[in-house]
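Okay, here's what each chain looks like letter by letter:
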Amino acid sequence: MPPQSSSRSDRAFGRRCILAAAVLWSLSGVFTKSLTGLDGGTIAVYRGLFAGLALLPLVRPAKMRFQKPMIPLVVTFAAMTGLFLGAMKATTAANTIFLQYSSALWAVPLSMVFLREWPDRRSLWCIAVAAFGIVLIVVRGGGGGENDSLGIAMALGSGVAYAGVAVGLRSLRGLDPMWLSSVNNLGGALVLGLFLLLVSGSIPLPTWPQAGALLLFGIVQMAIPYVLFARGLRDVPAPEAGLLALVEPLLNPLWVLIFINEWPKDATLIGGAFLLAGVALRYIPLKRPRPVSITPDPAAPPASPADPARG
């Protein structure tokens, strides 16, 4: 097979891996809302535990290196997952997933402060488009439930934490991403578990059916898609991967609508369209790139929103 055809074949396979990862990530709403009787924090503890245990055997011992910045990253990851799943319980799946993608907005000041990376003019325009969508969801996107305001606030908080995780991953891009994901999931579960012990004095034990669902949640919705996403990034540039990953926020509310019969408000859908358009426009190439031979670095995580850090 000619090298050019082989390259196209590899790129197509990489795209399929990333799309499959995005579809599996999009199941978070269905899993969370189906787990009745457990709060978002408890779900996050067990999901992180099972996901981390599934990913850890895939890490080569030579790649297991600790660095001090991993500690705040683990705490931020715990906040992201706890807030995200708590928001999913309190408000609609559409509100939650769209507002978590507000991370594209919050990542700009965080990158300026911690990485000394300054946004270009195009980024600022795209952020303005996304910000309009965020405001629309916050002001008009409530579903009428008594916990809507709390859920929207938690979803915004998960977006801020998601941006922090993306910045943290970028600062640690020299480490193996599979190792980082294992540490984030296991360490995040530990941090959330300690938080639950401090707040309520105990960590609720799931029933056997709930434990089975949590096991599937951790492996199917977190561990497997992470492996697929990491494999796809070998052949697909990070900006293109970020665009393909936008399938996740589009499908997440759809699955909840089909299986849970939860309808988002029109304002949420319009606001989400603006938000995702702002994110997408940032990564659509303006010029057709010249073909080059790329040797991807599997240890380097992609730029947001393609960072494989999901709530």
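Since the structure is predicted, the reported quantities are computational estimates derived from the model, not experimental observations.

Q: Break down the environment of Arg234 for me, with residues and values.
A: Tracing the backbone shows Arg234 in the loop between helix 10 (208–232) and helix 11 (238–245). It is 7.1 Å that separates the C-alpha atoms of Arg234 and Gly14, two residues lying 220 residues apart in sequence.

Q: Help me get a handle on helix 3 (residues 40–55), residues and values and all.
A: When the terminal C-alpha atoms of helix 3 are compared, their 22 Å separation across 16 residues agrees well with the 22 Å that a helix rising 1.5 Å per residue should span. When we look at burial in helix 3, the residues that qualify are Gly40, Gly41, Thr42, Ile43, Ala44, Val45, Tyr46, Arg47, Gly48, Ala51, Gly52 and Leu55. Looking at the buried positions of helix 3, the neighbouring elements they touch are helix 2 (28–34), helix 4 (70–90), helix 9 (177–200) and helix 10. Two or three places before Gly41, at the opening of helix 3, Asp39 has a side-chain oxygen 3.0 Å from that residue's backbone nitrogen.

Q: Any chance you could break down the nonpolar core for me, citing the residues and the numbers?
A: As a rule of thumb, nonpolar side chains are buried together in soluble globular proteins. Of all hydrophobic cores here, the largest spans 38 residues; its most connected members are Ile43 and Leu275. Of all hydrophobic cores here, the second largest spans 30 residues; its members include Val74, Leu169, Phe229 and Leu233.

Q: Explain the confidence of the model for the protein to me, using residue names and the numbers behind them.
A: Taken residue by residue, the protein gives an average pLDDT of 87. The fraction at 70 or more is 89%. The low-confidence segment residues 1–6 (pLDDT under 50) makes one contact with residues lying over four places distant or belonging to another chain. Under a pLDDT of 50 for its full length, residues 291–306 has, in the predicted model, 28 contacts with residues more than four places off or in other chains.

Q: Give me the lowdown on the pattern of salt bridges, citing residues and values where you can.
A: Applying the stated criterion across every chain, the model contains four salt bridges. We note a salt bridge from Lys33 to Glu262, for which the minimum N-O separation is 3.0 Å. Taken as a pair, Lys33 in helix 2 and Glu262 in the loop between helix 12 (247–260) and helix 13 (266–283) lie far apart in primary sequence, 229 residues in all. The class for Lys33 is buried, based on a relative accessible area of 15%. Take Glu262: its relative accessible area is 18%, and that puts it in the buried class. Where Asp235 meets Arg231, a salt bridge forms, and the shortest distance between an N and an O atom there is 2.8 Å. A network of salt bridges, in which partner residues are shared, links Arg11, Arg15 and Glu240.

Q: Would you mind going over helix 13 in detail, with residue names and values included?
A: With 18 residues, helix 13 should cover 26 Å at 1.5 Å per step; its first-to-last C-alpha distance of 26 Å lies within 8% of that length. Of all the residues in helix 13, the buried ones are Ala267, Thr268, Gly271, Gly272, Leu275, Leu276, Gly278, Val279, Ala280 and Tyr283. The elements touched by buried residues of helix 13 are helix 5 (93–100), helix 6 (103–114), helix 7 (121–140), helix 11 and helix 12.

Q: Could you give an account of the side chain of Ser102, naming the residues involved and the relevant values?
A: As for its position among the elements, Ser102 is in the loop between helix 5 and helix 6. Under the relative-accessibility criterion, Ser102 is labelled buried at 1%. Polar side-chain contacts of Ser102 include one of 2.5 Å to the backbone oxygen of Leu99. Sequence-distant contacts of Ser102, defined by excluding residues within four places in its chain, comprise Ile134, Leu156, Gly159 and Leu275.

Conventions adopted
- Residues numbered from 1 in each chain as written.
- Predicted model: local features only at pLDDT ≥ 70, side-chain atom pairs only at ≥ 80, totals over all residues.
- Heavy atoms only, no water.
- Helix = DSSP H or I, 4+ residues; strand = E, 2+ residues; numbered from the N terminus.
- Expected span 1.5 Å × (residues − 1).
- Buried < 20%, exposed > 50% of the residue type's maximum accessible area, 1.4 Å probe, protein only.
- Contact = heavy atoms within 4.5 Å.
- Polar contact = N/O pair within 3.5 Å; in protein donor to acceptor, adjacent residues only side chain to side chain.
- Core = buried A, V, L, I, M, F, W, Y, C linked by side-chain atoms within 4.5 Å.
- pLDDT = per-residue confidence, 0-100.
- Salt bridge = Lys/Arg side-chain N within 4 Å of Asp/Glu carboxyl O.

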